Amino acid sequence: MAEFDKNHYVPNFVLKNFALKQKDGKYAFYYLNLLKGKVEWRKTKNSFYKKKLYDLKNEENVKGLEHTFNRSIESIVQPLLNKLIACMEETIVLSRSEIELIKKYALVQIYRNARNGDNYSDVEINTENTISKYNIKDGESPDAFWKREMMTILNSSWDEIL
């Protein structure tokens, strides 16, 4: 399962639109590393990820959330985004379901980033600052709650989310 250890919160298919294709067929770009205060040349596969960010501890399918991201949203939205990019100079008509898909993808992208996960993980459950404390199951960690919420978003229709 090492191939699924790098959990990209910005998918590679998005990053490639901002990168240059190298001789080896891989994509790379200049990355501003604010922590180090320098600009780095990076391959997209080594950018905007956190190792095992979406691993589901104490679950039979540890990589289930990462697989659900791919199956439920990324593999579906990728062709649509490619279509939009290809037609940037033209008028494009989107169906209601395509618009809902883009909205759901935007919601997931806002929600799935590492900083948002840290906001859940860095909070004590028994304080006034607990996020969504009324939805956390007994014995559930804030990190597990964050991942369960993402799984719910991915497995729900746009109407159910609203």
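To be clear, the structure that these remarks concern was listed above.
These numbers come from a predicted model, not from an experiment.

Rules and cut-offs
Residues numbered from 1 in each chain as written. Predicted model: local features only at pLDDT ≥ 70, side-chain atom pairs only at ≥ 80, totals over all residues. Heavy atoms only, no water. Axes fitted to C-alpha atoms, helices over the stretch in contact; angles between N-to-C directions. Helix = DSSP H or I, 4+ residues; strand = E, 2+ residues; numbered from the N terminus. Parallel < 35°, antiparallel > 145°, perpendicular 65-115°, else oblique. Left-handed = near helix turned anticlockwise from the far one by under 90°. Contact = heavy atoms within 4.5 Å. Nonpolar A, V, L, I, M, F, W, Y, C, P; charged D, E, K, R; others polar. Polar contact = N/O pair within 3.5 Å; in protein donor to acceptor, adjacent residues only side chain to side chain. Expected span 1.5 Å × (residues − 1). Buried < 20%, exposed > 50% of the residue type's maximum accessible area, 1.4 Å probe, protein only. Arc of directions from axis to C-beta. Phe/Tyr/Trp six-rings, centres within 6.5 Å; stacked < 30°, edge-to-face > 60°. Lys NZ or Arg CZ within 6 Å of the ring centre and 35° of its normal.

### Looking at the packing of helix α2 (residues 64–86) against helix α5 (residues 142–154)
Working step 1: Where α2 meets α5, the closest approach of the two axes is 10 Å, and the angle between their N-to-C directions is 25 degrees. One element, α2, and the other, α5, form an angle in the roughly parallel class. Read as a crossing pair, α2 and α5 show a hand that is left-handed. On α5, the residues touching G64, L65, T68, F69, S72 and I73 of α2 are K147, M150, M151 and L154.
Working step 2: Among the residues forming the contact of α2 with α5, the class breakdown is six nonpolar, three polar and one charged.

### A word on the side chain of N116
Working step 1: Locating N116 in the fold gives a position in helix α4 (residues 114–121).
Working step 2: Reaching out from N116, the side chain makes a polar contact with the backbone oxygen of Y111 at a distance of 2.7 Å.

### A word on helix α3 (residues 96–111)
Working step 1: Between its terminal C-alpha atoms α3 stretches 23 Å, which fits the 22 Å expected from 16 residues at 1.5 Å a residue.
Working step 2: Within the sequence span of α3, burial applies to L101, K104, Y105, V108, Q109 and Y111. Angular distribution of buried residues about the axis of α3 spans 160 degrees; they occupy a single face of the element. Those residues of α3 that are exposed and aimed more than 90 degrees away from the buried face are R96 and I110.
Working step 3: Buried positions along α3 lie against α1 (12–15), α2, α4, α5 and α6 (158–161).

### As for the packing of aromatic side chains
Working step 1: Enumeration according to the criterion identifies seven aromatic pairs in this entry.
Working step 2: On the numbers, 6.3 Å between centres and 35 degrees between planes, the contact of F13 with Y105 is tilted. Of the two residues, F13 is situated in helix α1 and Y105 in helix α3; the sequence distance between them amounts to 92 residues. Residue F13 shares its accessibility class with Y105, and that shared class is buried.
Working step 3: Three or more aromatic residues link up through ring pairs in this structure, and these residues are Y9, F29, Y31 and F48.
Working step 4: The residue whose ring lies beneath R42 is Y31, and the NZ or CZ to ring-centre distance is 3.7 Å.

None of the figures reported here should be taken as evidence of function without further support.
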